[in-house]
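Below are the chains, spelled out letter by letter.
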Amino acid sequence: MAGRKRGPFVAGNWKMHMTRPEARELAEKAVAALAGLHESEIVLFPSFTALAEVGRAVAGSGIKIGAQDLHWEDKGAFTGEVSAPMLRDAGCTHVLVGHSERRQYFGETDESVNRKARAALRSGLTPIVCVGEVLAERESGRTIERIDAQLSAGLRDLASGEMEAVVLAYEPVWAIGTGKTASPGQAEEVHAHIRRRLEESYGKDRASCAIILYGGSVKPANSYSLFKEKNIDGFLVGGASLDAGDFAGIAAEALRAYREEK
Ligand code: PGA
């Protein structure tokens, strides 16, 4: 495909699952199942407590680890929080920012998303900034308006050079954990819009290199057709990432679509 510069990026968000022994077992299975798919960038997002364990299990495999959230200060009196330098120290290269569950249940705002994204970049972590509309917004025709608001506030004051290190994830909230996936066409419409917005703000080169993931009930059965869309560069996978075979199936199907395009 003209303009596609990178192989598939597949992220597994394990959410609040897995004790350390369970996490180690899943990570080892993922390493085995994903062997041979390393043209793709693969990142696992276990809970904070399992980061070190999963880091050891994936060492040498090319698979990276990331955290599901961070605080925007580097240190201080913020009981219960974890900072970007701590995540770096735990072996993370990536961090999720503004996942819809953080927005829905824990008061995450576009403003805190922006502070967290900037904190991640300051420490050399790649933030995966999540955006997405809820069902009522989609049904009332306000999807694009919502995405635009999340992007402009969430990415406020980021320089073009910093944007190079940002990954975006479009996750329609109504598709997360519901078994309802956006159709490839529905997802592509929003992805194309996001890329156009990036182009307006940061220029054509930066926009064409940007990685924009889709998330929401991704499975091996829909990965190929979603990845075939021009502006979908990979996936943020929740439920299916808890099964190493399904997760590897998603990566394999994306890679199949990618190889056909080259
Ligand atoms: P899901 O979750 O794949 O279970 O829908 C996606 C996500 O929350 O990132």
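These lines cover the structure that appears in this document, whether it is placed above or below. (Residues numbered from 1 in each chain as written. Predicted model: local features only at pLDDT ≥ 70, side-chain atom pairs only at ≥ 80, totals over all residues. Heavy atoms only, no water.)

**Regarding the site of the ligand**
Now for step 1: Neighbouring the ligand are 13 residues; Lys-15, His-99, Glu-171, Gly-177 and Ser-217 lie closest to it.
Now for step 2: Residue Lys-15 places a side-chain N or O atom 2.7 Å away from an oxygen atom belonging to the ligand.
Now for step 3: Here an oxygen atom of the ligand and a side-chain polar atom of Glu-171 are 2.7 Å apart.
Now for step 4: When the residues that make up the shell around the ligand are grouped by side-chain class, the tally is four nonpolar, seven polar and two charged. (Near = heavy atom within 4 Å. Polar contact = N/O pair within 3.5 Å; in protein donor to acceptor, adjacent residues only side chain to side chain. Nonpolar A, V, L, I, M, F, W, Y, C, P; charged D, E, K, R; others polar.)

**Let's talk about the pattern of salt bridges**
Now for step 1: Within the structure shown, the criterion is met by 22 salt bridges.
Now for step 2: Within this structure, Asp-69, Arg-102, Glu-108 and Lys-116 form a network of salt bridges that share partners. (Salt bridge = Lys/Arg side-chain N within 4 Å of Asp/Glu carboxyl O.)

**What about the layout of surface pockets?**
Now for step 1: Put simply, the largest pocket is a space of about 570 Å³.
Now for step 2: Top contributing element to the lining of the largest pocket by residue count: helix α4 (residues 100-105), with five residues.
Now for step 3: The residue inventory of the lining of the largest pocket, partitioned by class, reads 10 nonpolar, eight polar and five charged. (1 Å grid on protein atoms, 1.4 Å probe; cavity = no way out; pocket = protein on both sides within 12 Å on 5 of 7 lines; lining within 4 Å. Points joined across faces, edges and corners; volume = space filled by probe spheres on them. Helix = DSSP H or I, 4+ residues; strand = E, 2+ residues; numbered from the N terminus.)

**Brief notes about helix α12 (residues 244-261)**
Now for step 1: With 18 residues, α12 extends 26 Å between its outermost C-alpha atoms, agreeing within 8% with the 26 Å of an ideal straight helix rising 1.5 Å per residue.
Now for step 2: Residues of α12 that are buried make contact with β1 (9-13), α1 (20-34), β2 (41-45), α11 (220-227) and β8 (234-237).
Now for step 3: At the N-terminal boundary of α12, the capping side chain belongs to Asp-243, with an oxygen 2.9 Å from the backbone nitrogen of Gly-245. (Expected span 1.5 Å × (residues − 1). Contact = heavy atoms within 4.5 Å.)

**What to know about the sheet that holds strand β7 (residues 211-215)**
Now for step 1: Read once around its circumference, the closed barrel built from eight strands follows the order β1-β2-β3-β4-β5-β6-β7-β8, with strand pairing classed as parallel. Ignoring strand direction, the axes of neighbouring strands in this sheet form an average angle of 25 degrees. (Pairing = 2+ DSSP bridges. Axes fitted to C-alpha atoms, helices over the stretch in contact; angles between N-to-C directions.)

**What to know about the pairing of β8**
Now for step 1: Side chains Gly-234 and Leu-236 project from β8 onto one buried face, and the interleaved Phe-235 and Val-237 project onto a second face that is buried too.
Now for step 2: As paired strands, β1 and β8 are joined by four bridges and run parallel to one another. Within β8, the position partnered with Ala-11 by the bridge is Leu-236.
Now for step 3: Pairing of β7 with β8 involves three bridges; the strand directions are parallel. By the bridge assignment for β8, Gly-215 is matched with Leu-236.
Now for step 4: Regarding the hand of the β-α-β motif, the stretch spanning β7, α11 and β8 is right-handed. (Buried < 20%, exposed > 50% of the residue type's maximum accessible area, 1.4 Å probe, protein only. Right-handed = clockwise from strand over helix to strand, strands pointing away.)

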